[in-house]
Amino acid sequence: MSYRSEIGIGTTARVVTPSNTNTIGNPRYLYIGTGGDLNVTPQDGTTGIIHRNVPSGSFFFGAVKLVNATNTTASNIVAWQ
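We now turn to the structure provided with this report. Bear in mind that the values here come from a model prediction, so they are computed numbers and not experimental data.

## A closer look at the overall build of the protein
Here is step 1 of the chain: What the protein contains, in helices and strands, is 1 helix and 7 strands.
Here is step 2 of the chain: Starting at the N terminus, the α and β elements of the protein follow one another as α-β-β-β-β-β-β-β.
Here is step 3 of the chain: Expected size for 81 residues packed as a compact globule is a radius of gyration near 12 Å; at 12 Å, the protein falls within 12% of this value.

See below:
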């Protein structure tokens, strides 16, 4: 087993622009640069879930398909894969 898979670190990063239609792949986690509300759609495509008051400088772990523009106030989001 590789070191990466054991601890789940990301090796590739890209800036996420919240969108109600553009998927973000299957990142290991999101880095939230500027806190706020985060509306995400899980990989299984179920309805978006709003996470309130996500702090600045935090990591959001979960199988995320979309970071929805609607109801997302957090910004400077980076997806790590």
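So that's the structure; there's more coming.
## Section: the sheet that holds strand 7 (residues 75-80)
Here is step 1 of the chain: If you walk across this open sheet you meet the 4 strands as 1-7-2-5, and the pairing is antiparallel. With partners counted over all chains shown, the strands left at the sheet margins are strand 1 (13-16) and strand 5 (58-61), one partner each. Going across the sheet, the axis of each strand differs from the next one's by a mean of 30 degrees, ignoring polarity.
Here is step 2 of the chain: Note that strand 2 (residues 29-34) and strand 7 share 5 bridges and pair antiparallel. Bridging from a neighbouring strand, Y29 pairs with W80 of strand 7.

## Structural notes on the environment of Q43
Here is step 1 of the chain: Along the polypeptide, Q43 turns up in the loop between strand 3 (36-42) and strand 4 (49-54).
Here is step 2 of the chain: Placed 18 residues apart in sequence, Q43 and G25 show a C-alpha to C-alpha distance of 8.8 Å.
Here is step 3 of the chain: Once residues lying within four places of it in the same chain are set aside, the contact partners of Q43 are G25, N26, A63, V64 and K65.
Here is step 4 of the chain: Within the structure, Q43 has its side chain in polar contact with the backbone oxygen of V64 (distance 2.7 Å).

## Quick look at the packing of aromatic side chains
Here is step 1 of the chain: With the rule as written, the count across this model stands at 4 aromatic pairs.
Here is step 2 of the chain: Relative to F61, the ring of Y29 lies with its centre 5.2 Å away and its plane at 45 degrees, an arrangement referred to as tilted. Placement of the pair is Y29 in strand 2 and F61 in strand 5, with a sequence separation of 32 residues.
Here is step 3 of the chain: What makes Y29 buried here is its relative accessible area of 12%.

## Brief notes about the pattern of salt bridges
Here is step 1 of the chain: Taken as a whole, this structure holds 1 salt bridge when the rule is applied.
Here is step 2 of the chain: Among the salt bridges present, the one from R52 reaches D37, with a minimum N-O distance of 2.9 Å. Taken together, the residues span a long stretch of sequence, with R52 in strand 4 and D37 in strand 3 at a distance of 15 residues.
Here is step 3 of the chain: Among the residues examined, D37 registers a relative accessible area of 14% and is labelled buried.

Rules of the game
- Residues numbered from 1 in each chain as written.
- Predicted model: local features only at pLDDT ≥ 70, side-chain atom pairs only at ≥ 80, totals over all residues.
- Heavy atoms only, no water.
- Helix = DSSP H or I, 4+ residues; strand = E, 2+ residues; numbered from the N terminus.
- Rg over C-alpha atoms; globule rule 2.2 N^0.38 Å.
- Pairing = 2+ DSSP bridges.
- Axes fitted to C-alpha atoms, helices over the stretch in contact; angles between N-to-C directions.
- Contact = heavy atoms within 4.5 Å.
- Polar contact = N/O pair within 3.5 Å; in protein donor to acceptor, adjacent residues only side chain to side chain.
- Phe/Tyr/Trp six-rings, centres within 6.5 Å; stacked < 30°, edge-to-face > 60°.
- Buried < 20%, exposed > 50% of the residue type's maximum accessible area, 1.4 Å probe, protein only.
- Salt bridge = Lys/Arg side-chain N within 4 Å of Asp/Glu carboxyl O.

Scope: geometric values only; no functional claims are made or implied.
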